[in-house]
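Spelled out, the chains give:
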Amino acid sequence: MPSDEKIEGYKDFGRILADHRNLTQPIYRKPLYKNPKAFAGLFLILAIFMLVFWTIDKDAKEAKDNKGKAGHGVENTHNVTPPKFPEPLTAQLALPAKAMLEDFDKPQRLSLENGIELNFPASSFEDSNGQPIHGAVDVKVKVAQNPAEWIAMGIPLATQNEVLMSQYILDISASQEGKPVQLVEGKEIEINIPTKQANTPSVFLLDIPQQEWKMVDGASVEKVTIDPKKLNIGDGFGVVEFDAEGNPIPKKPASDTAVAAIHLFQIRIPALGTFALAEASPQNQMVTQANTSFVDTKGKKMELRTVYGLPQAKNTLQIFHPKTTAHDFDLAFMPGTASEFVAFLPDGRLANSSAIKFNEEKTEHQTIEMQISDAPVKNLKDLTQRLANF
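Here's what I pulled together on the structure shown here. Since the model is a prediction, treat every value here as computed from it, not as a measurement. (Residues numbered from 1 in each chain as written. Predicted model: local features only at pLDDT ≥ 70, side-chain atom pairs only at ≥ 80, totals over all residues. Heavy atoms only, no water.)

### A short note on the overall build of the chain
Phase 1: Across its full length, the chain carries five helices and 25 strands.
Phase 2: With 390 residues in all, the chain has 40% of them scored as buried.
Phase 3: When contacts within the chain are restricted to residue pairs at least 6 apart in sequence, those whose partners lie at least 24 apart make up 70%.
Phase 4: Counting every atom, the chain has about 23000 Å² of accessible surface; 53% of that belongs to carbon and sulfur. (Helix = DSSP H or I, 4+ residues; strand = E, 2+ residues; numbered from the N terminus. Buried < 20%, exposed > 50% of the residue type's maximum accessible area, 1.4 Å probe, protein only. Contact = heavy atoms within 4.5 Å. Areas by Shrake-Rupley, 256 points an atom, 1.4 Å probe, with all protein chains shown as cover.)

What follows is the structure, encoded as structure tokens:
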């Protein structure tokens, strides 16, 4: 039996009744619909919550839609990630290389059909650890002299710092059993290039990580004159005949030449890599134009892989990749000069524009009309012929 004190403790019926009312009656003395302030506060909280939810949901839908659209309400099926640098657009456009597999423990000479000659000193190469390379070394040289060949190499001549007016681009690489080798420090490759140019150019090296051309430290260019009557096979010109204007004619005996003198650029470079024999024009002569669109002759926006700028009267090439979509490009122009533009469609067809002249004020959004070819580009020869016909 509980004690009398415990029983008396449960006789406080007022407290028990208060607890009962707290459980069964509303907290507010007035119903919510009869309390305007409480009702307005609750409505405001719900409205803010719904607005935040609607904004987040709208942004998510727009982000999803933008993955499949080009920002202009047009489907974007083109991956706009820039390609590797440098890299040809297709395997069919790859520029062929002149290869020589020889023992470079002794001096070697590589003669090309366009009259270019490369002379390597004895013991030219070492591995990445600085150890001398002995035995056969595979040397490959690519030469590019025109826009089609520059496109085939995937190399722009207009970069962030300068525009190059190129005469030749040479890509020189070497390997032994598939492993790259490098030129021994202090050794130089001598390159002889026939020329009719009056100005002596500079030598630039393509910095691939930085994607720009840089002057080559230690390189030299000298213009020399050779009497063709004194040439023989050992001079390296036995595979070339020069016509009366000084142009090389492949696979002819040098002793039959009719020209009075052969003019050469004699270049010495201290490394392997991609080199340009060119004159530089400052980049500040260019104007940036953002968000340029390209359309076909019917006004339909075009989806392009890469756009190439070919300024007239300038021996140079500009390469532009899509920025955010396959329809948007940021192009740069040289004020006062006319440029033609060519581009590849995803199916391999070629598009080209007429010559367009820009000035310093022409920086607003532009739409450029392009003519589209009927058939895809087959190979480098086909591309060369098409560019010549533009």
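### Examining the sheet that holds strand S15 (residues 262-269)
Phase 1: Pairing within the open sheet is antiparallel, and its five strands lie in the order S2-S3-S9-S15-S12. Strand pairing shows two members of the sheet lacking a second neighbour, strand S2 (108-111) and strand S12 (220-226), which therefore form its edges. Direction aside, neighbouring strands of the sheet carry axes that sit 20 degrees apart on average.
Phase 2: Taken together, the seven bridges between S12 and S15 define a ladder with antiparallel strand orientation. Bridge pairing in S15 places Lys-223 opposite Phe-265. (Pairing = 2+ DSSP bridges. Axes fitted to C-alpha atoms, helices over the stretch in contact; angles between N-to-C directions.)

### Focus on the nonpolar core
Phase 1: Ranked by size, the top nonpolar core spans 30 residues in total, and within it Ile-116, Leu-118, Phe-120, Phe-125, Val-141, Leu-170 and Ile-191 carry the most contacts.
Phase 2: Looking at this core, the elements that each hand over two or more residues are strand S3 (117-120), strand S5 (136-144), strand S6 (162-176), strand S9 (189-194), S15 and strand S16 (273-282).
Phase 3: Leaving out residues up to four positions away in the same chain, Ile-191 has contacts with Ile-116, Glu-117, Leu-118, Leu-170, Ile-172, Phe-265, Gln-266, Ile-267 and Ile-269.
Phase 4: One finds Ala-148, Phe-204, Ile-319 and Leu-383 within the second-largest nonpolar core, a separate group that totals 29 residues. (Core = buried A, V, L, I, M, F, W, Y, C linked by side-chain atoms within 4.5 Å.)

### Quick word on helix H5 (residues 380-389)
Three- or four-residue spacings in an α-helix give side chains the same orientation, since the helix completes a turn every 3.6 residues.
Phase 1: Burial in H5 covers these residues: Leu-380, Asp-382, Leu-383, Arg-386 and Leu-387. The buried residues of H5 occupy an angular sector of 155 degrees when projected down its axis, which confines them to one face. Across H5 from its buried face, at more than 90 degrees, point the exposed residues Lys-381, Ala-388 and Asn-389.
Phase 2: Sitting at the amino-terminal end of H5 is Asn-379, which places a side-chain oxygen 3.3 Å from the backbone nitrogen of Lys-381. (Arc of directions from axis to C-beta. Polar contact = N/O pair within 3.5 Å; in protein donor to acceptor, adjacent residues only side chain to side chain.)

### Overview of the packing of aromatic side chains
The description of an aromatic ring pair rests on the distance of the ring centres and on the angle between the ring planes.
Phase 1: All told, the structure shown has six aromatic pairs when counted by the stated rule.
Phase 2: Plain terms: the ring middles of Phe-120 and Phe-125 are 6.1 Å apart, the flat faces sit at 45 degrees to each other, and that makes the pair tilted.
Phase 3: For Phe-120, a relative accessible area of 2% translates into the label buried.
Phase 4: Ring centres 5.7 Å apart and planes at 85 degrees place the aromatic pair Phe-294 and Phe-329 in the edge-to-face group. Within this pair, whereas Phe-294 is found in strand S17 (residues 287-295), its partner Phe-329 is found in strand S20 (residues 329-333), the two being separated by 35 residues in sequence.
Phase 5: Phe-294 gets classed as buried once you look at its relative accessible area, which sits at 1%.
Phase 6: A residue is classified by how much of its surface remains accessible, and Phe-329, at 0% relative accessible area, is buried.
Phase 7: Three or more aromatic residues joined by ring pairs make a cluster, and in this case those are Phe-104, Phe-120 and Phe-125. (Phe/Tyr/Trp six-rings, centres within 6.5 Å; stacked < 30°, edge-to-face > 60°.)

### Digging into the side chain of Gln-266
Phase 1: Structurally, Gln-266 can be placed in strand S15.
Phase 2: Within the structure, the side chain of Gln-266 is placed 3.2 Å from the side chain of Asn-192, a separation counted as a polar contact.
Phase 3: Residues contacting Gln-266, with those up to four places away along its chain left out, are Glu-190, Ile-191, Asn-192, Ser-220, Val-221, Glu-222 and Val-224.

### A look at the pattern of salt bridges
Phase 1: Scanning the model with the defined rule gives five salt bridges in all.
Phase 2: When the shortest N-O distance is used, the salt bridge between Glu-117 and Arg-109 registers 3.7 Å.
Phase 3: The buried category is assigned to Glu-117, whose relative accessible area is 3%.
Phase 4: Residue Glu-190 pairs with Arg-268 through a salt bridge whose shortest N-O separation is 3.0 Å. Linking Glu-190 in strand S9 with Arg-268 in strand S15, this pair joins segments that are 78 residues apart in sequence. (Salt bridge = Lys/Arg side-chain N within 4 Å of Asp/Glu carboxyl O.)

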